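Letter by letter, the chains look like this.
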Amino acid sequence: MSSLTASGLSRHLGEWNVGATPGYRELADVVRLLVLDGRVALDTALPSERALSEALGVSRTMVTAAYGLLREQGFLTGGQGSRSRTRIPRLTPAGTTLFTGPVRDDPALTAPGLAAPEGLIDLAYASLPASGEVVHRAFAAALTELPALLPGFGYDALGLLPLREAVAARYTAAGVPTTASQIMVTSGAQHALNIILRALAGRQDRVLVEHPSYPNALDAIRAVGCRPVPVAFSAGTGVSPRRAGTSAGTHGARAGAAQAWDMAALQAALQQQRPRLAYVVPDFHNPTGQLMPDLQRRHLVRSAAAAGTVLVVDETLRELNLDGAVTAPVAAFSPAVVTIGSLSKSHWGGLRTGWIRASEDLIQRFAGARTSLDLGGPLMEQLAAAHLVRTLDEPLPARISALRDSRAALLELLAGHLPEWEAAYPSGGLSAWCRLPAPISTALTVIAPDFGVRLAAGPRFGIGGAFERYLRVPFTLPPDKLEAAVLALRSAQDRLDAAPQLRRTLKSAPAVAIA
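What you are looking at is a predicted structure, and each value in this text was computed from that prediction instead of being measured.

A. Examining the overall build of the protein more closely. Across its full length, the protein carries 17 helices and 18 strands. Looking at the protein as shown, the accessible area adds up to about 20,600 Å², and 56% of this sits on carbon and sulfur atoms.

B. How the structure looks around helix H2 (residues 23-36). The end-to-end C-alpha distance of H2, which contains 14 residues, comes to 20 Å, matching closely the 20 Å that a straight helix rising 1.5 Å per residue would cover. The set of residues buried in H2 consists of Gly23, Glu26, Leu27, Ala28, Val31, Arg32, Leu34 and Val35. In the core, the buried residues of H2 are packed alongside helix H1 (6-13), helix H3 (49-56), helix H4 (60-72) and strand E2 (85-86). Of the residues trailing H2, Gly38 is marked for its positive phi of about 85°.

C. Quick look at the pairing of strand E12 (residues 310-314). Among the 5 residues of E12, 5 are classified as buried, and the element is accordingly described as predominantly covered. Both faces of E12 are covered, namely the face carrying Val310, Val312 and Asp314 and the face carrying Leu311 and Val313. Where strand E11 (residues 277-280) lies against E12, 4 bridges are found, and the strand directions are parallel. Counterpart to Tyr279 in the pairing with E12 is Val312. In the sheet, E12 pairs with strand E13 (residues 338-342) via 3 bridges, with the strands oriented parallel. Its bridge partner lying in E13, Val313 is registered against Thr339.

D. How the structure looks around the side chain of Asp314. Among the structural elements, Asp314 can be located in strand E12. Here Asp314 occupies a buried position and makes no salt bridge, while the nearest side chain of opposite charge, Lys345, is found at 9.0 Å. Residues contacting Asp314, with those up to four places away along its chain left out, are Tyr279, Val280, Val281, Pro282 and Ile340.

E. Representation of the confidence of the model for the protein within the structure. When the pLDDT values of the protein are averaged, the result is 86; 86% of them are 70 or greater. Of the regions scoring below 50 in pLDDT, residues 91-113 engages in 34 contacts with residues more than four places distant in sequence or in other chains. Between residues 237-255, whose pLDDT stays under 50, and residues either more than four places distant or in other chains, the model counts 46 contacts.

F. Geometry of the sheet that holds strand E8 (residues 227-232). What the 7 strands build is an open sheet, ordered E6-E14-E13-E12-E11-E7-E8; its pairing is mixed. Each edge of the sheet is formed by a strand with only one pairing partner; in this case those strands are strand E6 (183-186) and E8. Strand-to-strand twist across the sheet, computed as the mean angle between neighbouring axes with direction ignored, equals 20°. Sheet analysis places E6 next to strand E14 (residues 354-357), joined by 4 bridges and oriented antiparallel. When the sheet's bridge partners are listed, Val185 is paired in E14 with Trp355. Strands E6, E13 and E14 of the sheet are contacted by helix H12 (residues 360-370), whose axis makes an angle of about 30° with E6.

G. Region of interest: the packing of aromatic side chains. Within this structure, the stated rule accounts for 5 aromatic pairs. Between the aromatic rings of Trp433 and Phe467, the centroid separation amounts to 5.8 Å while the plane-to-plane angle is 70°, which identifies the pairing as edge-to-face. Here the residue Trp433 occupies a position in strand E16 (residues 431-435), and Phe467 occupies one in the loop between strand E17 (453-454) and strand E18 (470-474), the gap between them amounting to 34 residues. Note on Trp433 and Tyr470: the rings are 5.2 Å apart at their centroids and 10° apart in plane angle, and the pair reads as stacked. On the criterion of sequence distance, the pair formed by Trp433 in strand E16 and Tyr470 in strand E18 is long-range, its members being 37 residues apart. Overall, the relative accessible area of 1% leaves Trp433 in the buried class. The buried category is assigned to Tyr470, whose relative accessible area is 5%. Clustering of aromatic rings is evident, with ring pairs tying together Trp433, Phe461, Phe467 and Tyr470. Above the ring of Tyr171, the side-chain terminus of Arg357 is found at 5.9 Å from the ring centroid.

Procedures and definitions
- Residues numbered from 1 in each chain as written.
- Predicted model: local features only at pLDDT ≥ 70, side-chain atom pairs only at ≥ 80, totals over all residues.
- Heavy atoms only, no water.
- Helix = DSSP H or I, 4+ residues; strand = E, 2+ residues; numbered from the N terminus.
- Areas by Shrake-Rupley, 256 points an atom, 1.4 Å probe, with all protein chains shown as cover.
- Expected span 1.5 Å × (residues − 1).
- Buried < 20%, exposed > 50% of the residue type's maximum accessible area, 1.4 Å probe, protein only.
- Contact = heavy atoms within 4.5 Å.
- Pairing = 2+ DSSP bridges.
- Lys, Arg positive; Asp, Glu negative; His and termini not counted.
- Salt bridge = Lys/Arg side-chain N within 4 Å of Asp/Glu carboxyl O.
- pLDDT = per-residue confidence, 0-100.
- Axes fitted to C-alpha atoms, helices over the stretch in contact; angles between N-to-C directions.
- Phe/Tyr/Trp six-rings, centres within 6.5 Å; stacked < 30°, edge-to-face > 60°.
- Lys NZ or Arg CZ within 6 Å of the ring centre and 35° of its normal.

Put into structure tokens, the structure is as follows:
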């Protein structure tokens, strides 16, 4: 269980006392928003009333009243003699608040992936179509090489040597000396994470995650019986764009406060919780698109090592560097880092080819754990992937240029048609993380198909119902499709604005595939 110090909560609160309502109510309102937005994780112990009153410079009576109001609303548990812990209330059929402990994820929100119906613009996927001719050429070359492998058994838990050598060469060129024996080929990044979890984590082990985080990673962690430990992002700035004049404001979008890694909170969670693993996406984080600076990478590696935590870094989006910011791979700071990579985002999800980079000893452990999942990947895809990794940079300039245009188009469209939305500027990756004007993400997701759009609700990216005020919007579609999608979002929000009761009744988002 995590805890928050008085100074830590004070930092999250910011300028909270504006005098619009009684002080205790303003304090309660801001704490409630911090919980709903995921910036204060669920089941976090808040500071004592005395400690918080001293940190904020207000009376203890005010803090006591604020905590009391939050308990009445179902956002806190505990009373005198015990530290209050954050919760999210649930509603009875009569509409009254009912506290039932930590909220379990609705099965409708975690069901296996379903294909989008025909005719819907799919914004649940942050993925690109294949890099056409490049992928075609790779498979054509692979077809000529396949006969040489046919006399063998075709099983290889580590993956084909030419592909492992090609991946190792990429890491070495990036400043992380790597041999083929430090690489395992997997059927995508999700498969890689499942192997790592099976090998290194047991039931009830803690796994630190960013909050928000990638939904399929959260599902994988829960599926093996581990307990995710969420650490919220903070308002701040990550690596800023290097291209002159490139910012959320210059593209016309209403700029929300950039979300960035709260290093103090990460270090505190590692020290207090001692999680078995930590799963992070420092390179164009999914869903926020933020990039972790090198100094923070170094601090994260040191903190994980001090806690005895295995740091698992997902670099699936690293190649989609839209603004040319320069950072070192996290593995450059420690040989103990376990890295996940994939061709799914840079080339095509249909390739289903990824990898794990780790020490030779860990790779052997992963190979042993893998046999309960599969006995190796398909060889044809690995032969093609070897060609793609050797020429990884060939399709990227055109794809990155197109993504920059689509990012600019999306931010401008959001500013023009949904000016009350706040889009944090993504310096890379495939999506923007948007703060909504009200907690309507699930309701918006439910009615969006009526307007021709499929969405992934904000709470899918969090734990316990957080992020109802957020929505991930990919910019992977061409500008004309993005315009149609944003206009559909405008119409969907107009319906919710005209019928506020829908926000209370539409509580379960449809089961969708998310990538």
